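Survey of secondary and tertiary structure
So you can see what is in the structure, the chains are spelled out below.
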There are 2 protein chains.
Amino acid sequence: MNYLQEIIKIDKSSKEISCKKGEILQYAGTITSLAYYVKKGLLRSYSIDGKGKEHVFIFASEGWIMADIESQEFNTPTELFIECLENSELIVFDRKCLVEAKLSDEQRKDEIRLMSRRIAVLQRRVLLLMSSSAKERYNSFLATYPDLPNRVPQHMIASYLGITPQALSTIRREMVGKN
Amino acid sequence: MNYLQEIIKIDKSSKEISCKKGEILQYAGTITSLAYYVKKGLLRSYSIDGKGKEHVFIFASEGWIMADIESQEFNTPTELFIECLENSELIVFDRKCLVEAKLSDEQRKDEIRLMSRRIAVLQRRVLLLMSSSAKERYNSFLATYPDLPNRVPQHMIASYLGITPQALSTIRREMVGKN
DNA sequence: CAATGGCATTCATCTAGATTAATTAATCCC
DNA sequence: GGGATTAATTAATCTAGATGAATGCCATTG
């Protein structure tokens, strides 16, 4: 939180906004360096592939920052949409501003810690996608994000896992049977 | 390079080492905060899953840093092995040392830039794993790392792509036919 | 309250890629 | 150089999960 307060001080353009369920905060194809800290509520980012299929990249609930670092780093148009899944309270700030600012060592360390965490999450995700069955990935999802199943429609969870809603439905049926 | 020179100055335990093809630099199950800058040569990191199957997580050739940020961030034992694929010249340093050190804003920015790049790579990888066929992933691999196919055995590329060596062989045959 | 439209479920079929196994081609090493 | 080990290819089968289509379920909105 501390870190965020600093950001707000530094980035004069940063501000608190509230947004409604269903709003799209970012469209693929645009160039932006905005990031969204989730104070309350829930966001998701997703891409749409060549066949028009959606793929959920990440969910961001309270305390997480949603930012398309990939496009910002390479300065290319975003592949990601960002959508508001619940009425939310957000703090928007400009990552470019952050990069250019002069920060203390402590502040930079906080930034690095956040990035490390993100890398860690992505590393797990890659290894999971490569080595586990759909059922294993679903169980791992439940263990890692126990509150999300109640807040996110099932077909988005399926998309996050890289499977179809039908496949997830089948997995759930089988799991119920085993309890 | 600049960034690295600084690291070497700061981390008194850092040193240049050379290692031979086939050497294992890190074993899964250990706790370590070492990172390896590749001056010359090639490394790979990989995990071994419950069924004894290897999964290549990442290759690191000249100019890249190999580090298991996931385990270092959460301070848990590594899931990753790091293996030397060619006789290599490396600079080993301790990330913990780096975290604790007092660095200039410029130095921290360099660090953040490196991490951003890593996140970008992982983001692409996740989206690719979720949305593309094996053939598409292979083509993307060829485009992104054009030098690696000549330096890395095919079964490791297959493993990186998340498919079997047989499947990769078939894909290659089909591609030759189409040229 | 009906009616509409999105969501989850079920089932029948299909397919990309896994698995198994055998064959050939490279590498290694004494 | 020749025997042994590892890598790549091919082909025959199998399977997890995709696709397509039908059905029931709320939850909205008029």
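Above this text you will find the structure in question.
Here we summarise the structure given alongside this text. (Residues numbered from 1 in each chain as written. Chains lettered and ligands numbered in written order. Predicted model: local features only at pLDDT ≥ 70, side-chain atom pairs only at ≥ 80, totals over all residues. Heavy atoms only, no water.)

**Topic: the interface of chain A and chain B**
Contact with chain A, which involves 44 residues of that partner, is made by 44 residues of chain B. Taken over both partners, the interface formed by chain A and chain B buries close to 3,900 Å², and the fraction arising from carbon and sulfur atoms is 67%. Taken as a group, A:Ile119, A:Gln123 and A:Met130 account for 17% of the area that chain A buries against chain B, more than any other trio of residues on that side. On inspection of chain A and its partner chain B, the count reaches 6 salt bridges. Of the charged contacts, one joins B:Asp105 and A:Arg108 as a salt bridge, the two residues approaching to 2.8 Å between their closest N and O atoms. In this assembly, chain A and chain B are joined by 13 residue pairs in polar contact (both at pLDDT 80 or more). For the side of chain A that touches chain B, the element with the highest residue contribution is helix H4 (residues 105-131) of chain A, accounting for 21 residues. Among the residues forming the side of chain A that touches chain B, the class breakdown is 18 nonpolar, 7 polar and 19 charged. (Contact = heavy atoms within 4.5 Å. Buried area = accessible area lost by both parts, 1.4 Å probe. Salt bridge = Lys/Arg side-chain N within 4 Å of Asp/Glu carboxyl O. Polar contact = N/O pair within 3.5 Å; in protein donor to acceptor, adjacent residues only side chain to side chain. Helix = DSSP H or I, 4+ residues; strand = E, 2+ residues; numbered from the N terminus. Nonpolar A, V, L, I, M, F, W, Y, C, P; charged D, E, K, R; others polar.)

**Quick notes on the sheet that holds strand E1 (residues 15-19) of chain A**
Residue and element names in this part refer to chain A. Across the sheet, 4 strands lie side by side as E1-E8-E3-E6; this open sheet has antiparallel pairing. Edge positions in the sheet fall to E1 and strand E6 (65-67), since each of these pairs with one other strand and no more. Neighbour-to-neighbour, the strand axes of this sheet turn through a mean angle of 30°, independent of strand direction. Of the strand pairs in this sheet, strand E3 (residues 34-40) and E6 are connected by 3 bridges, and their pairing is antiparallel. Considered in E6, the bridge of Tyr 37 is made with Ile 65. (Pairing = 2+ DSSP bridges. Axes fitted to C-alpha atoms, helices over the stretch in contact; angles between N-to-C directions.)

**Here's the deal with the relation of the copies chain A and chain B**
For the pair chain A and chain B, the best superposition has an RMSD of 0.0 Å and corresponds to a rotation of 180° with a translation of 0.0 Å parallel to the axis. Such a combination of turn and shift is consistent with a two-fold rotation axis. (Least-squares fit on C-alpha atoms with pLDDT ≥ 70 in both.)

**Section: the protein's contact with DNA strand C**
Taken together, 17 residues form the shell around DNA strand C, and within it A:Gln154, A:Arg173, B:Ala134, B:Thr164 and B:Gln166 come nearest. Each atom of DNA strand C within 4 Å of the protein was assigned to sugar, phosphate or base; sugar and phosphate come to 77%. For DNA strand C, a phosphate oxygen lies 3.1 Å from a polar atom in the backbone of A:His155. With respect to DNA strand C, the backbone of B:Gly162 contributes an N or O atom lying 3.5 Å from a phosphate oxygen. (Near = heavy atom within 4 Å.)

**What to know about the environment of B:Cys97**
Residue and element names in this part refer to chain B. Along the chain, Cys 97 falls in helix H3 (residues 95-100). Spatially, the C-alpha atoms of Cys 97 and Phe 141 are 34 Å apart, while their sequence positions differ by 44 residues. Those residues within four positions of Cys 97 in sequence are excluded, and the remaining contacts are Ile 10 and Asp 11.

**Remarks on the packing of H4(A) against helix H4 (residues 105-131) of chain B**
Here H4(A) crosses H4(B) at 20°, and the two axes come no closer than 9 Å. Here H4(B) runs roughly parallel to H4(A), going by the angle between their axes. Handedness of the crossing formed by H4(A) with H4(B): left-handed. For the contact of H4(A) with H4(B), the per-class residue count stands at 14 nonpolar, 4 polar and 12 charged. (Parallel < 35°, antiparallel > 145°, perpendicular 65-115°, else oblique. Left-handed = near helix turned anticlockwise from the far one by under 90°.)

**Considering the pattern of salt bridges**
Tallied over the entire structure, the rule returns 28 salt bridges over all chains. One salt bridge connects A:Glu16 with A:Lys39, and the closest N-O pair in it is separated by 2.8 Å. A residue pair is termed long-range when its members are at least 10 positions apart, and A:Glu16 in strand E1 and A:Lys39 in strand E3 qualify at 23 residues. Each member of the salt-bridge network shares a partner with another, and the members are A:Asp105, A:Glu106, A:Lys109, B:Arg108 and B:Glu111.

**Structural notes on the protein's contact with DNA strand D**
As a matter of local geometry, DNA strand D sits amid 15 residues, with A:Ala134, A:Thr164, B:Gln154, B:His155 and B:Arg173 nearest to it. Across the atoms of DNA strand D situated within 4 Å of the protein, the share located in sugar and phosphate is 81%. For DNA strand D, a phosphate oxygen lies 3.4 Å from a polar atom in the backbone of A:Gly162. B:His155 is positioned with one of its side-chain polar atoms (N or O) 3.0 Å from a phosphate oxygen of DNA strand D. Looking at the surface near DNA strand D, the elements with two or more residues in it are helix H8 (165-177) of chain A together with helix H6 (154-161) and helix H7 (165-177) of chain B. Ranked by the residues each element gives to the surface near DNA strand D, the list is headed by H7(B), at 4 residues.

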